[in-house]
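Structural overview for review
Single-letter residue listing:
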Amino acid sequence: MGNIHTCGPNECIVISGGCFGSTGKNMVTGSWAWAWWLVTDVQRMSLEVMTLNPVCDNVETKQGVPLTVTGVAQVKIMKNPELLGIAAEQFLGKKEDEITDTILQTLEGHLRAILGTLTVEEVYKDRDQFANLVRDIAAPDVGRMGIEILSFTIKDVYDNVEYLASLGKTQTAVVKRDADIGVAQANRDAGIREAECEKSAMDVKYSTDTKIEDNSRGFKLQKANFDSEVNTAKAEAQLAYELQAAKIQQKIRNEEIQIQVVERRKQIEIEEQEITRKEKELISTVRLPAESEAYKVQTVAEGMRTKTVEAARADGERIRLIGAAEAKAVEAVGRAEAESMRMKASAYKQYGDAAIMSLVLEALPQIAAEVAAPLAKTDEIVLIGGSDRTTDEINKLVGSLPPAIQALTGVDLTGALGKIPGATMVSSRV
């Protein structure tokens, strides 16, 4: 049994042993590989860029001047199968620090060797050429280790004996001297040239001013002519524009009127259609329902009228029959009462005063009740006078009753009572 091993494009898997034999190996970059357990060895090797900082301290140049040079190099293991196998033989199993240390020592050795063949000026003034020289010379050696130099640049060049500073001072002094001489010569030439230029400028100025005035006068005349022509053209154009605008406005107004006429016609047609629709709507929603309701109401009214008439006829007939019955009853009662009165009158006529007395006596209780009705509402009667006059007062009261009855009924109660057999009249004393 075994395992599947994968790697990215920035590393390489080296599988050895097993079916590859004692000298064979399988190198895979950015892919996968199968490795048997126990009988194969699987190792990884980085293919990423490595940054080196080679430094050469106090290395004597061709002139014997000690210089210190620092640089920056970018290197990596090459992917060529043959060179990759060489790199695997050289660096497989080593850490990145060990690999960079080996390459760094190689670069520093070539850097020292090249510094010994150059002067300080060559190194300082043309750093790119110096860096290219180091890279070209060191590339074959590191290439035999499967390493590729991607870039190499000189970072800094300096010394501890101030040789470079002296070169700078000398050059600075020469440059300053030449600059001062150049300034003086330039000032002299500038003064001469300035005077000449000023004279030429004044000549040109006067000539130019004359030409300017002539040109200005001609320009103003020409401008006045142009202005006159332009104003005339503008006036004509304005008049033509206004005339054309008036025509166009008139056409627009005519078109607007035509549009309004068409719109009005359409509006009238729409209104007529709307009126027709309204009429139909009113007929369907108002007139027909109203006619239906009127017919319904008329039919109901006729039914009610017929019902009312028939009811009135029935009520009239009922009232007529009741009236006739009541009239017959009244007539019978009247005839009975008249017969009773006739018989009473016949009896009264036959019996004379005795009948009248009977009527009076029958009416006396009612008369007494009417006389006593006011006294029933009296809580107490006080008779003013002595106790010996009470009987006299009662006698006077009773004695006044016969005249009152005679005044009310026309019957002489005293005379009638005197005719009763065995009755005795007693005169009262006042």
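No experiment lies behind these values; they were computed from the predicted model shown.

Topic: the pairing of strand β2 (residues 11–17)
- Within β2, five of the seven residues are buried, leaving the element largely enclosed by the surrounding structure.
- Note that β2 and strand β5 (residues 40–46) share seven bridges and pair antiparallel. Its bridge partner lying in β5, E11 is registered against S46.
- Inspection of the sheet shows β2 paired to strand β3 (residues 25–29) by five bridges, in the antiparallel sense. Along β3, the bridge assignment pairs S16 with K25.

Topic: the pattern of salt bridges
- This model, assessed by the stated rule, comprises 10 salt bridges.
- We note a salt bridge from R253 to E256, for which the minimum N-O separation is 3.4 Å. Linking R253 with E256, this pair stays in helix α5 (residues 163–351), spanning three residues, or about one helical turn.

Describing the nonpolar core
- Core analysis: the biggest nonpolar cluster contains 40 residues, and I103, F130, I147 and F152 have the highest contact counts within it.
- Top element by residues in this core is helix α2 (residues 96–115). It accounts for seven residues.
- If sequence neighbours within four positions are ignored, I103 has contacts with M50, L52, V75, V142 and I147.

A word on the packing of α2 against helix α4 (residues 127–143)
- Between α2 and α4, whose axes approach to 9 Å, the crossing angle comes to 130°. Accordingly, the angle class assigned to the pair α2 and α4 is oblique. As α2 runs across α4, the sense of the crossing is right-handed. On α4, the residues that touch I103, T106, L107, H110, L111, I114 and L115 of α2 are F130, L133, V134, I137, A138, D141 and V142.
- Each residue belonging to the contact of α2 with α4 can be placed in one class, and the counts come to 11 nonpolar, two polar and one charged.

Points about the sheet that holds β2
- If you walk across this open sheet you meet the three strands as β3-β2-β5, and the pairing is antiparallel. Strands with a single pairing partner mark the edges of an open sheet, and in this sheet they are β3 and β5. With strand direction ignored, the average angle separating the axes of adjacent strands in the sheet is 20°.
- Here helix α1 (residues 81–91) sits on the sheet and contacts β2, β3 and β5; the angle it forms with β3, its principal contact strand, is near 110°.

With respect to the side chain of T70
- Tracing the sequence through the fold places T70 in strand β8 (residues 66–77).
- Setting aside residues up to four positions removed in sequence, T70 forms contacts with P54, V55, I154, K155 and D156.

Regarding a nonpolar patch on the surface
- Together, I4, W32, W34 and W36 give the surface a local cluster of nonpolar side chains, amounting to about 480 Å² of exposed area.
- In terms of residue count, the dominant contributor to the nonpolar patch is strand β4 (residues 32–36) (three residues).
- Tracing the backbone shows W32 in strand β4.
- Its relative accessible area of 52% is what places W32 among the exposed residues.

Focus: the state of the cysteines
- Evaluation of the coordinates by the stated rule reveals zero disulfides.
- C7 takes part in no disulfide bond, and the closest cysteine sulfur to it belongs to C12, at a distance of 6.6 Å.
- A residue is classified by how much of its surface remains accessible, and C7, at 11% relative accessible area, is buried.

Reading guide: rules and limits
- Residues numbered from 1 in each chain as written.
- Predicted model: local features only at pLDDT ≥ 70, side-chain atom pairs only at ≥ 80, totals over all residues.
- Heavy atoms only, no water.
- Buried < 20%, exposed > 50% of the residue type's maximum accessible area, 1.4 Å probe, protein only.
- Helix = DSSP H or I, 4+ residues; strand = E, 2+ residues; numbered from the N terminus.
- Pairing = 2+ DSSP bridges.
- Salt bridge = Lys/Arg side-chain N within 4 Å of Asp/Glu carboxyl O.
- Core = buried A, V, L, I, M, F, W, Y, C linked by side-chain atoms within 4.5 Å.
- Contact = heavy atoms within 4.5 Å.
- Axes fitted to C-alpha atoms, helices over the stretch in contact; angles between N-to-C directions.
- Parallel < 35°, antiparallel > 145°, perpendicular 65-115°, else oblique.
- Left-handed = near helix turned anticlockwise from the far one by under 90°.
- Nonpolar A, V, L, I, M, F, W, Y, C, P; charged D, E, K, R; others polar.
- Patch = residues over 30% accessible without salt bridge, like charges linked within 9 Å, V, L, I, M, F, W, Y side chains within 5 Å.
- Areas by Shrake-Rupley, 256 points an atom, 1.4 Å probe, with all protein chains shown as cover.
- Disulfide = S-S within 2.5 Å.

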